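Given next are the chains, with one letter for each unit.
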Amino acid sequence: MKTVYKMIAGALCLCLLAACTGGQSSGLPNGSAPPQDFTGLPEGMRPGSAPQGEPDAMGSPLPYRAMWISYLEWPLLDTTGAEAFTASVCTALDNCVSAGLNTVIVQVRPFSDAIYPSRIYPWSHVITGTQGQSPGFDPLAIFIEQAHARGLLLEAWINPYRVRLNGSTLDNALAAENPAVLHPDWVRETENGLFYDPSLPEVQEMVAQGVVEILRNYKVDGIQFDDYFYPTMDEDFDAERFAQYGAGQTLAEWRRANVNALVKKVYETIKAEDPAVVFGISPQGNNDNNYTQQYSDVGLWLSMPGYVDYIMPQVYWGFDYTTQNGSQRYAFGNIIDEWLAMPRDASVSLAFGLGAYRIGAGDGSVAESAEWQSGRNLADMVRLLAARGADGYALYRYEQMFCSREYAELAAAECAALAEANGKPGLSSGQ
């Protein structure tokens, strides 16, 4: 069996090197251009024109069988040109298909920047290493084209407030065109980095217009926010505005109202542009933290129409997870039941984020357990979610599933078990 896993691991971790079997998107030679300069980009890659050759948005799948592809995956992608990038994207998407997945959730705005030509945000530094520098092609257009060619849905993952994250291994130097530079009064420095102030109507409008820009230029199937909302509990962060606009609310109530206003605005904006495009949020798995630390009223979004189409909490603990004080509240079966018991409007779906990055490394439980060394933990979770009536799952994240160096054999076993749980007979040796 170990030999089989080694063979699968070797096939999987020809990671992002295989040539694309589908059509390749056209692109420009590598070069640098200001983010607002679209001269020379092929038709369909300029804001104001939809990418060519894309099907209509296909809508949200139920259940989700999704993979998160984050900005941390960019070092795995060949960004030297459109052809090389297309080939590496094709390999990644083929791997997702081989595991029986139906959706990729691609991080398109990680740091007040974009992996597509934007009139609002500069090019992301995760592509070229320098924020504001054009790669000479449109990565998002390529991702969408190749995902849809394989029958995969693609959702655009946005971080609405984050500008710069302390401790990042990437160069976080901001381009002159970054809205945070153009409007320094919109941002606040925190212990975690630089973030937009969620209370500002100008910030909320910028985020909403950024979504409009994506929907008018690309056939994405959904928009997703992650769990970065209020970046701090520090009362000094927005003390001046709270004193001016708090209107008798507590600080926590006022902050939650600001987040609710953004969520509702984005939902209404999306539905006005294209009702078929879904809007979802992936909050922390610990909903107490969402409510009290990030000022995110997820219970409201679940129970009331008009905020989201789905919630996908990040439940990254195993079946045996136990805290230092002996609590098993967050053990996988217990925490999904807690979420599934929450009041939920019929219009809102509930799927779950699963911690693929725990494979081999474990989840920090004080209880002894070998579940993350079993080679089938994610598949067991998927089966339990189906039995409990959840609306699917997403895996965080691609690298740990298909390009793990330290736990390659375990990851390959998890992929094979997951493919079986998803109704696939096994992973293709051609991947």
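Right, let's walk through the structure included here. (Residues numbered from 1 in each chain as written. Predicted model: local features only at pLDDT ≥ 70, side-chain atom pairs only at ≥ 80, totals over all residues. Heavy atoms only, no water.)

Our focus in this paragraph is the packing of aromatic side chains. Ring pairs (aromatic) are described by centroid distance and by the angle formed between their planes. On inspection of all chains with the given rule, the structure shows 22 aromatic pairs. Centre to centre, the rings of Tyr398 and Phe402 are 5.0 Å apart; their planes meet at 35 degrees, and the pair counts as tilted. Placement of the pair is Tyr398 and Phe402 together in helix 13 (residues 398-402), with a separation of four residues, close to one helical turn. The burial state of Tyr398 is the same as that of Phe402; both residues are buried. An aromatic cluster of at least three residues, connected via ring pairs, comprises Trp68, Trp157, Tyr316, Tyr357 and Tyr396. In this structure, Arg162 is placed above the aromatic ring of Tyr228, and the distance from its NZ or CZ to the ring centre is 4.6 Å. Directly above the ring of Tyr307 sits Lys264, whose terminal nitrogen or CZ lies 4.9 Å from the centroid. (Phe/Tyr/Trp six-rings, centres within 6.5 Å; stacked < 30°, edge-to-face > 60°. Helix = DSSP H or I, 4+ residues; strand = E, 2+ residues; numbered from the N terminus. Buried < 20%, exposed > 50% of the residue type's maximum accessible area, 1.4 Å probe, protein only. Lys NZ or Arg CZ within 6 Å of the ring centre and 35° of its normal.)

What follows covers unusual backbone geometry. For the bond from Tyr396 to Arg397, the omega torsion is 5 degrees, close enough to zero to count as cis. Looking at where Arg397 falls in the secondary structure, it is placed in the loop between strand 13 (392-396) and helix 13. Positive phi is not limited to glycine here, since Ser112 has a value of about 50 degrees. Here Ser112 shows up in the loop between strand 2 (103-109) and helix 3 (125-128). Even without a glycine there, the phi angle at Tyr295 is positive, about 60 degrees. Residue class for Tyr295 comes out buried when judged on its relative accessible area of 6%.

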